[in-house]
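Structure at a glance
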Amino acid sequence: MNSVWPSFSTGETLADPQAVEALFREMLRQDKALIAGIAAYRRDGYVREMRDPPAIWEEGESRVLDYGGEGTKVLFVPSLINRAYILDLMENASMLRWLSGQGLHPYLLDWGWPGEVERRFSLTDYIAGRLERALAALEGPVVLAGYCMGGLLALAAALRAPARVKALALLATPWDFHAEDADTARRVAEMVPFMEATMQFSGTLPIDALNTMFAMVDPFGVGEKYRDFAGQDKASARARRFVAMEDWLADGVPLAAPVAREALSGWYGANSTARGQWRVAGLAVDPAKLEMPAFCAIPARDRLVPASSARALAARLRHVTVIEPQAGHIGMVAGTHAQTSLWRPFADWVLGLS
């Protein structure tokens, strides 16, 4: 098979001209689709209209929202980076509102925007402080469910306060940050020193900087999703959810500088989780020591948290139920097939707990 690239040793082109022309035509076609997809998104007039339920606990910028319902209490812990409402995205795309009608009583820990106090927080402050106090505000024990980065926070809290947690759910939660591509993970960590001036000035790592780092993990993802959106029926449920998800992604939250240094340099750079070196208030975060039932949802098409990274966590849990939906990182919790991919299996697992 001929190469379409020039030979750097001789300068001669190894492909025939027709192959090169076909390649550039395909690139131009894809670029047109990319531009069309971005333009369609920018023209869309979607505005999220979901009202937050009442808060039953508040501290600083954080609060616990009560979604009502009967039965087992489940406290959801989202990432510190993105807004909590991905779990309550829109009508017919809200995991929490759906669960509240399925015999469960979901709560959502909304971390909020890091204020003057939170900008000095470390991961220990968030976990051993704010998360544990949020747990104490609920009559327990409860099921603790963490999404993405929130899964790591929930795992650490469950190990620290097992009397308050009856079971642990980990949704698209990373563990071995070097399992898929160690070099890229290290490059993310290598960018931290270049962000020091910004972090010293604001006390946070801004969301634009975070998005740049995560783009390194999935450099082609943005182009692919907008090209796909260009060909969708813009009135379809899939297209409406795409717009809602993109708005949510654009509505990010900066990360407290101490947390950014610890998570990016420690988790991504040193792989401190998988190497058994991550500690919270002096206690090693070791999944193998967890005695309670656990549930791991590992989306098969996740590019932000590769399945191999999440499987490494599931493999260390002693009493674990694992599902691997054919979905992406966000689609698993809020996509058009989320109810069958995640919501129903999760609800069945909670309802089946003794």
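Going along each chain's sequence as written, the residues are numbered from 1 onward. Local features in this predicted model are restricted to residues of pLDDT 70 or higher, and side-chain atom pairs are both shown and tallied only at a pLDDT of 80 or more, whereas totals for entire chains, interfaces and linings draw on every residue. With hydrogens and water stripped out, all remaining heavy atoms of the structure feed into the side-chain values.

Thoughts on the overall build of the protein chain
For clarity, the threshold we go by: Strands here are runs of E lasting at least two residues and helices are runs of H or I lasting at least four, both read from the DSSP assignment and numbered beginning at the N terminus. We compute the radius of gyration over the C-alpha atoms and compare it with the globule rule, which gives 2.2 Å times the number of residues raised to the power 0.38. The buried label goes to any residue with under 20% of its type's maximum accessible area, the exposed label to any with over 50%, and the partly exposed label to all in between, with areas taken from a 1.4 Å probe on protein chains only. Method for areas: the Shrake-Rupley scheme with a 1.4 Å probe, in which residue coverage is limited to the protein chains shown.
Scanning the protein chain for helices and strands turns up 13 helices and 12 strands. Since a compact globule built from 354 residues should have a radius of gyration of about 20 Å, the 22 Å found for the protein chain is in line with a globular shape. In terms of principal-axis extent, the alpha carbons of the protein chain reach across some 70 × 45 × 40 Å. Here the protein chain holds 354 residues, and the buried ones make up 50% of them. In the form shown here, the protein chain has an accessible surface area of approximately 16600 Å², with 52% of it arising from carbon and sulfur atoms.

Here's the deal with the nonpolar core
Going by this rule: Here, nonpolar core means buried Ala, Val, Leu, Ile, Met, Phe, Trp, Tyr and Cys residues that are tied together by side-chain atoms lying within 4.5 Å of each other. Any two residues whose heavy atoms approach within 4.5 Å at even a single point are treated as in contact.
Ranked by size, the top nonpolar core spans 120 residues in total, and within it Leu75, Phe76, Leu205, Leu342 and Phe346 carry the most contacts. Here this core gets 9 residues from one element, more than from any other, and that element is helix 4 (residues 149–160). Contact partners of Phe76, with chain neighbours within four places excluded, come to Leu87, Met95, Leu96, Leu99, Pro106, Tyr107, Leu108, Leu109, Ala145, Leu171 and Phe346.

Examining the packing of aromatic side chains
Filter applied, for reference: Aromatic pairs are defined between Phe, Tyr and Trp rings, using the six-membered ring for Trp, whenever the two ring centres lie within 6.5 Å; interplanar angles under 30 degrees are classed as stacked, those over 60 as edge-to-face, and all others as tilted. Think of it as a cone above the ring: NZ of Lys or CZ of Arg counts as a charge over the ring if it is within 6 Å of the ring centre and within 35 degrees of the ring normal.
Considering all chains together, one arrives at 10 aromatic pairs under this definition. A ring pair is formed by Trp98 and Trp343, whose centres lie 5.8 Å apart and whose planes are at 40°; its orientation type is tilted. Here Trp343 lies in helix 13 (residues 338–351) and Trp98 lies in helix 2 (residues 95–100), a separation of 245 residues in the sequence. For Trp98, a relative accessible area of 14% puts it in the buried group. Among the aromatic residues, those joined into a cluster by ring pairs are Phe76, Phe295, Phe346 and Trp349. When the ring centre of Tyr85 is taken as origin, the NZ or CZ atom of Arg48, which lies over that ring, is 4.2 Å away.

Focus: the pairing of strand 4 (residues 104–110)
For clarity, the cut-off: A strand pair is defined by DSSP finding two or more bridges across the two strands.
With 7 of 7 residues buried, strand 4 is to be regarded as a mostly interior element. Taking every second residue as pointing to the same face, both faces of strand 4 are buried, with Leu104, Pro106, Leu108 and Asp110 on one and His105, Tyr107 and Leu109 on the other. In this sheet, strand 4 lies alongside strand 3 (residues 72–77) in parallel orientation, the contact comprising 5 bridges. Across the sheet, Phe76 pairs through a bridge with Leu108, a residue of strand 4.

Re the pattern of salt bridges
In plain terms, the rule: Counted as salt bridges are all cases of a side-chain nitrogen of Lys or Arg within 4 Å of a carboxyl oxygen of Asp or Glu.
On inspection of all chains with the given rule, the structure shows 19 salt bridges. Between Glu59 and Arg130 there is a salt bridge; the shortest N-O distance is 3.3 Å. Taken together, the residues Glu59 in strand 1 (residues 55–59) and Arg130 in helix 3 (residues 123–136) connect sequence positions 71 residues apart. In this structure, Arg316 engages Asp286 in a salt bridge whose closest nitrogen and oxygen atoms are separated by 2.8 Å. Linking Arg316 in the loop between helix 11 (307–314) and strand 12 (320–323) with Asp286 in the loop between strand 10 (283–284) and strand 11 (294–297), this pair joins segments that are 30 residues apart in sequence.

Details of the packing of helix 5 (residues 182–190) against helix 10 (residues 257–269)
Rule in force here: Orientation is described by lines fitted to C-alpha atoms, with helices fitted over the stretch in contact, and by angles between N-to-C directions that extend from 0 to 180 degrees. Note on terminology: angles under 35 degrees are roughly parallel, angles over 145 are roughly antiparallel, angles of 65 to 115 are roughly perpendicular, and the others are oblique. Whether a crossing is left-handed or right-handed is set by the direction in which the near helix is turned from the far one by less than a right angle, anticlockwise for left-handed and clockwise for right-handed. Charged residues are taken to be Asp, Glu, Lys and Arg, nonpolar residues to be Ala, Val, Leu, Ile, Met, Phe, Trp, Tyr, Cys and Pro, and polar residues to be all remaining types, Gly included.
Close contact between helix 5 and helix 10 brings their axes to 8 Å; oriented N to C, the two are set at 160°. Taken as axis vectors, helix 5 and helix 10 run roughly antiparallel relative to one another. Judged by the sense of rotation from one axis to the other, the crossing of helix 5 with helix 10 is left-handed. Each of Ala185, Arg186, Val188 and Ala189 in helix 5 lies in contact with helix 10, whose residues at this interface are Leu264, Ser265, Tyr268 and Gly269. Residues belonging to the contact of helix 5 with helix 10 are distributed by class as follows: 5 nonpolar, 2 polar and 1 charged.

Some words on the sheet that holds strand 12
Strands in a sheet are paired, the pairing made by backbone hydrogen bonds, and the direction either parallel or antiparallel. On the basis of which strands lie adjacent, the open sheet formed by 8 strands has the order 1-2-4-3-5-6-11-12 and mixed pairing. In the strand order of this sheet, the two ends are held by strand 1 and strand 12, each with one partner. The sheet shows a mean angle of 15° between the axes of neighbouring strands, direction not considered. Sheet topology places strand 2 (residues 62–66) next to strand 4; 4 bridges connect them, and they run antiparallel. Paired with Leu65 across the two strands is Leu108, which belongs to strand 4. Across the sheet, helix 3 touches strand 1, strand 2, strand 3, strand 4, strand 5 (142–147) and strand 6 (165–171), and the angle it forms with strand 1 is around 150°. Of the strands in this sheet, strand 3, strand 4, strand 5, strand 6, strand 11 and strand 12 touch helix 13, which is tilted by about 175° from strand 11.

Focus: empty space enclosed by the protein
How we decide: Note on definitions: the grid is 1 Å and covers protein atoms alone; a cavity is a set of points where a 1.4 Å probe fits but cannot get out; a pocket is an open set with protein on both sides within 12 Å along at least five of seven lines; lining residues have an atom within 4 Å of a point. Grid points are joined across faces, edges and corners, and a volume is the space filled by probe spheres set on the points.
Applying the stated criterion across every chain yields a total of 2 cavities of 30 Å³ or more. Empty space within the largest cavity amounts to approximately 50 Å³. Lining the largest cavity are Pro78, Ser79, Leu80, Asn82, Arg83, Ala84, Asp110, Trp111, Gly112 and Val253. Of the residues assigned to the lining of the largest cavity, the class counts are 5 nonpolar, 3 polar and 2 charged. The computed volume of the second largest cavity comes to approximately 40 Å³. Leu80, Trp111, Gly112, Pro114, Tyr126, Val253, Pro254, Leu255 and Ala256 are the residues that line the second largest cavity. Looking at the lining of the second largest cavity, its residues break down into 8 nonpolar, 1 polar and no charged.

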